[in-house]
Amino acid sequence: MSNPSTKDLLNIAIDAAYLGGRRALSYFRTNIEIETKRDNTPVTIADREAEALIRDYITKYYPTHSILGEEQGATPGDADYRWIIDPIDGTKSFVCGVPLWGVLIGVEVKGEVVAGAVYIAAEDSMISAARGLGCTWNGRTARVSKISSLEDATISCTSPSSAIKRSDAYEKIASRAKLTRGWGDCYGHILVATGRADVMLDPAMNPWDCAPLLPILQEAGGSFTTWSGQPTIWGKDAVSTNGALQKPILEILATEKQR
């Protein structure tokens, strides 16, 4: 498969996310050791084994492709194809026994993320998308909500305290919204993609935290951008919207005082 189709890449991403998720799930709510990384975030054997399994599966089909993973870093290869992996997005939830974590796999082709999958293992829920192929949630078409007023919207945020420290924007958005919740990490973005929330804010972001989210949100009819409105996985922050709320949300994010 020297020149795989987007559909081929998507299928491997889905399979790899599932395999990694089932491995991680075998450790979920068990008495495993929790280590602290240099960035003061937790890591466990579940993270490491899940990423190793995912890497092995991808390499089986595409041995020349490059890989970037949260736990094992970058593996050089064909610069036109890069797989970006987060074996457990939401490790803090994972170690607390909270099921709001997922396995993230995105595939870049010539610098553009064209396909990706998120497996919410504790729910046995798979959300995936590829350019021009739509977004699916457990095999059915996924679409964002039709909410067009911020006053009717459900807003989520990975870390409201961090968002408040970052700028005045979160408080202004939250004060106008119908409902605010802290459904964090990938789970909040997936809620937007599947029409169960309308806006998701992340005040801090790494590429492996969001690699599949860009095609997933876009193919579901929504938007995934930085707080300044750039549709990229390489920004320092991120916001997902249902599309209808993108303009007012980005306006608030752009105009509010940065702390």
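For the structure given in this document, a descriptive report is provided here. As the structure is a prediction and not an experimental result, all values here were calculated from the model.

## Structural notes on the overall build of the protein
Helix and strand content of the protein: eight helices and 15 strands. Whereas a compact globule of 259 residues would reach a radius of gyration of roughly 18 Å, the protein reaches 17 Å, a difference of no more than 12%. Across its three principal axes, the protein shows a C-alpha extent of roughly 50 × 40 × 30 Å. Within the protein, contacts between residues at least 6 apart in sequence are counted, and of these 61% link residues at least 24 apart. Accessible surface, the protein as shown: approximately 11200 Å² in total, 48% of it carbon and sulfur. Charged side chains in the protein number 27 positive and 31 negative. The centres of these two groups are separated by 4 Å.

## Thoughts on the state of the cysteines
Within this structure, the stated rule accounts for zero disulfides. Cysteine Cys 96 is unpaired, with the sulfur of Cys 186 as its nearest cysteine sulfur at 15 Å. Between Cys 186, a cysteine without a disulfide, and Cys 210, which holds the nearest cysteine sulfur, the sulfur-to-sulfur distance is 11 Å.

## With respect to the packing of aromatic side chains
Counted by the stated rule, this structure contains six aromatic pairs. Seen in terms of ring centroids, Phe 28 and Phe 94 are 5.3 Å apart; in terms of plane orientation they differ by 40 degrees. Their pairing is tilted. Remark: Phe 94 occurs in helix 3 (residues 91-95) and Phe 28 occurs in the loop between helix 1 (6-25) and strand 1 (35-36); sequence separation between them is 66 residues. The exposure class of Phe 28 is buried, given its relative accessible area of 11%. Pairwise contacts between aromatic rings join Phe 28, Phe 94 and Trp 101 into one cluster. When the ring centre of Trp 227 is taken as reference, the NZ or CZ atom of Arg 166 above it lies at 4.5 Å.

## Concerning the environment of Ile 216
Here Ile 216 shows up in helix 7 (residues 213-219). Separated by 86 residues in the primary sequence, Ile 216 and Ala 130 have C-alpha atoms spaced 7.3 Å apart. In this structure Ile 216 touches Gly 116, Val 118, Ile 127, Ser 128, Ala 129, Cys 135, Ile 190 and Ala 193, once residues within four positions along its chain are discounted.

## Description of the pattern of salt bridges
A side chain of one charge can pair with a side chain of the opposite charge when the charged atoms of the two come close. Scanning the model with the defined rule gives nine salt bridges in all. As a salt-bridge pair, Arg 166 and Asp 237 come within 2.5 Å of each other at their nearest N and O atoms. Taken as a pair, Arg 166 in helix 4 (residues 160-166) and Asp 237 in the loop between strand 14 (223-225) and strand 15 (238-241) lie far apart in primary sequence, 71 residues in all. For Arg 166, a relative accessible area of 17% gives the class buried. Sharing partners across several salt bridges, the network here consists of Lys 37, Glu 70 and Glu 71.

What counts, and where the lines are drawn
- Residues numbered from 1 in each chain as written.
- Predicted model: local features only at pLDDT ≥ 70, side-chain atom pairs only at ≥ 80, totals over all residues.
- Heavy atoms only, no water.
- Helix = DSSP H or I, 4+ residues; strand = E, 2+ residues; numbered from the N terminus.
- Rg over C-alpha atoms; globule rule 2.2 N^0.38 Å.
- Contact = heavy atoms within 4.5 Å.
- Areas by Shrake-Rupley, 256 points an atom, 1.4 Å probe, with all protein chains shown as cover.
- Lys, Arg positive; Asp, Glu negative; His and termini not counted.
- Charge placed at Lys NZ, Arg CZ, Asp CG, Glu CD.
- Disulfide = S-S within 2.5 Å.
- Phe/Tyr/Trp six-rings, centres within 6.5 Å; stacked < 30°, edge-to-face > 60°.
- Buried < 20%, exposed > 50% of the residue type's maximum accessible area, 1.4 Å probe, protein only.
- Lys NZ or Arg CZ within 6 Å of the ring centre and 35° of its normal.
- Salt bridge = Lys/Arg side-chain N within 4 Å of Asp/Glu carboxyl O.

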